[in-house]
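Here is how the chains run, residue by residue.
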Amino acid sequence: HPITTDMSTLTKEIEKFAKDKKLEIETLKVREEYRKEFMGNVSHELKTPLFTIQGYLLTLLDGAMEDKNIRKKYLQRAAKGVDRLIYIVKDLDMISKLEVGNLILEEETFDIVELIQGVFEMYEMKAAKKNIMLTFDIPYEPIYVYADKERIQQCVANLVVNSIKYGKTDGTTEISIENLVKNKIIIRVTDNGEGIEAPNLRRLFERFYRVDKSGNRKEGGSGLGLSIVKHIIEAHKEKIYVESVFGVGSEFSFTLEKSTKEAMEANAVDDED
Ligand code: ADP
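Now for a look at the structure at hand. Computed from a predicted structure; not experimentally measured.

1. So, the pairing of strand S3 (residues 144-148)
Then comes step 1: The element S3 is largely enclosed, with a buried count of 4 among its 5 residues.
Then comes step 2: Relative to S3, strand S1 (residues 107-111) runs antiparallel, the two sharing 5 bridges. Among the inter-strand pairings, Thr109 is bridged to a residue of S3, identified as Tyr146.
Then comes step 3: For S3 and strand S7 (residues 249-258), the ladder comprises 2 bridges, and the chain directions are antiparallel. Paired with Tyr146 across the bridge in S7 is Glu257.

2. Here we look at the site of the ligand
Then comes step 1: Taken together, 19 residues form the shell around the ligand, and within it Tyr166, Asp191, Arg210, Gly223 and Leu226 come nearest.
Then comes step 2: In this structure, Asp191 approaches the ligand through a side-chain N or O atom, which is 2.8 Å from a nitrogen atom.
Then comes step 3: Here an oxygen atom of the ligand and a backbone polar atom of Leu226 are 2.8 Å apart.
Then comes step 4: Within the complex, 98% of the 530 Å² of free accessible area of the ligand lies under protein.
Then comes step 5: Elements with a minimum of two residues in the shell around the ligand: helix H4 (149-165), helix H6 (225-235) and S7.

3. Some points on unusual backbone geometry
Then comes step 1: Positive phi outside glycine occurs at Asn131, with the angle close to 55°.
Then comes step 2: Mapped onto the fold, Asn131 is located in the loop between helix H3 (112-129) and strand S2 (133-136).

4. Side note on the packing of aromatic side chains
Then comes step 1: Per the counting criterion, the structure on display carries 3 aromatic pairs.
Then comes step 2: Taken together, a centroid distance of 6.4 Å and an interplanar angle of 85° make the contact between Phe205 and Phe252 edge-to-face. With Phe205 in the loop between helix H5 (198-201) and H6 and Phe252 in strand S7, the pair connects residues that are 47 residues apart, well separated along the chain.
Then comes step 3: On the basis of relative accessible area, Phe252 is assigned to the buried category, the value being 8%.

5. Looking at H6
In an α-helix, one turn spans 3.6 residues, which is why side chains three or four residues apart end up on the same side.
Then comes step 1: By the burial criterion, the buried members of H6 are Leu226, Ser227, Ile228, Val229, Ile232 and Ile233.
Then comes step 2: Just downstream of H6 lies Lys237, where phi reads positive at about 65°.

6. Some points on the pattern of salt bridges
Oppositely charged side chains can form a pair if their charged atoms are brought close together.
Then comes step 1: Following the criterion strictly, the structure yields 10 salt bridges and no others.
Then comes step 2: Lys184 is the salt-bridge partner of Glu238, the closest N and O atoms lying 2.8 Å from each other. Placement of the pair is Glu238 in the loop between H6 and strand S6 (240-245) and Lys184 in strand S5 (residues 184-191), with a sequence separation of 54 residues.
Then comes step 3: Using a relative accessible area of 24% as the deciding quantity, one classes Lys184 as partly exposed.
Then comes step 4: A salt bridge links Arg188 to Glu251, with the shortest nitrogen-to-oxygen separation between them at 3.5 Å. Taken together, the residues span a long stretch of sequence, with Arg188 in strand S5 and Glu251 in strand S7 at a distance of 63 residues. As far as burial versus exposure is concerned, Arg188 and Glu251 are alike and both buried.
Then comes step 5: What emerges from the salt-bridge pattern is a single network uniting Glu178, Arg188 and Glu251.

7. Here we look at the nonpolar core
A general tendency of soluble globular proteins is for nonpolar side chains to be buried together.
Then comes step 1: Of all hydrophobic cores here, the largest spans 51 residues; its most connected members are Ile112 and Ile152.
Then comes step 2: If we skip the residues at most four places from it in the chain, Ile152 touches Phe110, Ile112, Ala147, Ile232, Ile233, His236, Phe254 and Leu256.
Then comes step 3: In terms of nonpolar packing, the next biggest core, distinct from the first, is built from 7 residues, Tyr56, Tyr74, Ala78 and Leu85 among them.

Thresholds applied
Residues numbered from 1 in each chain as written. Predicted model: local features only at pLDDT ≥ 70, side-chain atom pairs only at ≥ 80, totals over all residues. Heavy atoms only, no water. Buried < 20%, exposed > 50% of the residue type's maximum accessible area, 1.4 Å probe, protein only. Helix = DSSP H or I, 4+ residues; strand = E, 2+ residues; numbered from the N terminus. Pairing = 2+ DSSP bridges. Near = heavy atom within 4 Å. Polar contact = N/O pair within 3.5 Å; in protein donor to acceptor, adjacent residues only side chain to side chain. Areas by Shrake-Rupley, 256 points an atom, 1.4 Å probe, with all protein chains shown as cover. Phe/Tyr/Trp six-rings, centres within 6.5 Å; stacked < 30°, edge-to-face > 60°. Salt bridge = Lys/Arg side-chain N within 4 Å of Asp/Glu carboxyl O. Core = buried A, V, L, I, M, F, W, Y, C linked by side-chain atoms within 4.5 Å. Contact = heavy atoms within 4.5 Å.

What follows is the structure in structure tokens.
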């Protein structure tokens with residue numbers, strides 16, 4: 001620091017210092033609140049499946065084991081609880097990587113049409129259980145984009161899974177792709193499911209935010225899916241949108257950068273090296 005002799009300059013500097021410190025403290029306070037809330041949410045989310053597993057195991061030990069059918073049923077339910085725990089821990093791991101900024105995107109050129117078809121195949125059975133039709137509204141021809149393929153697959157998968165989870169029986173999930181200006185495309189995932197009330201729309205992308213907070217939710221999930229999608233899309237410097245009408249359906253959409261067939265072919269040559 002240069003030596004200041006002028007009193008008024010000194011006073012100004014002290015004031016500025018105090019103001020900066022105050023801001024810093026405010027920021028720390030907000031962060032601390034956020035951390036507390038986060039920890040509370042995490043333990044709550046973990047507790048539910050843990051108690052479920054404990055319940056089934058204790059009942060089995062208590063004598064339910066003798067009955068072959070009950071034994072199988074309870075073990076299956078306990079295993080489902082373990083699946084759910086793994087699912088939550090994986091999501092938490094992903095979100096902490098994304099928030100710390102440790103997620104390094106591995107961008108390349110790939111065909112988004114092929115990726116979407118792959119996701120549809122993955123969730124065909126899940127959709128069939130509710131008799132939901134998965135439709136892809138484009139004639140088949142490759143559309144090349146430049147992005148992190150694995151992460152984008154996760155985004156598409158999360159949106160498709162949600163559209164099935166919150167979609168109505170005999171409903172539809174439709175994906176469409178449209179050209180935007182400036183080398184961008186927009187991918188839309190539309191359902192005619194339960195929809196989201198306007199006041200909830202704003203908070204949808206927050207960690208752990210779920211419209212139905214009751215313990216007896218029909219649908220499993222961590223409440224982290226959409227916040228992971230948002231992080232991934234924003235890490236690509238792209239945009240994500242949601243539009244929804246309660247009782248009518250929802251549409252989630254995000255943009256991606258277009259690429260070319262030539263870039264795709266160059267990729268393939270690189271891979272051979
Ligand atoms: P999760 O599905 O694990 O609860 P998400 O972060 O994926 O968490 O979604 C947050 C919440 O947003 C969901 O709990 C649900 O209430 C609402 N939601 C997400 N997608 C849809 C959709 N397609 N239709 C209606 N509600 C949705």
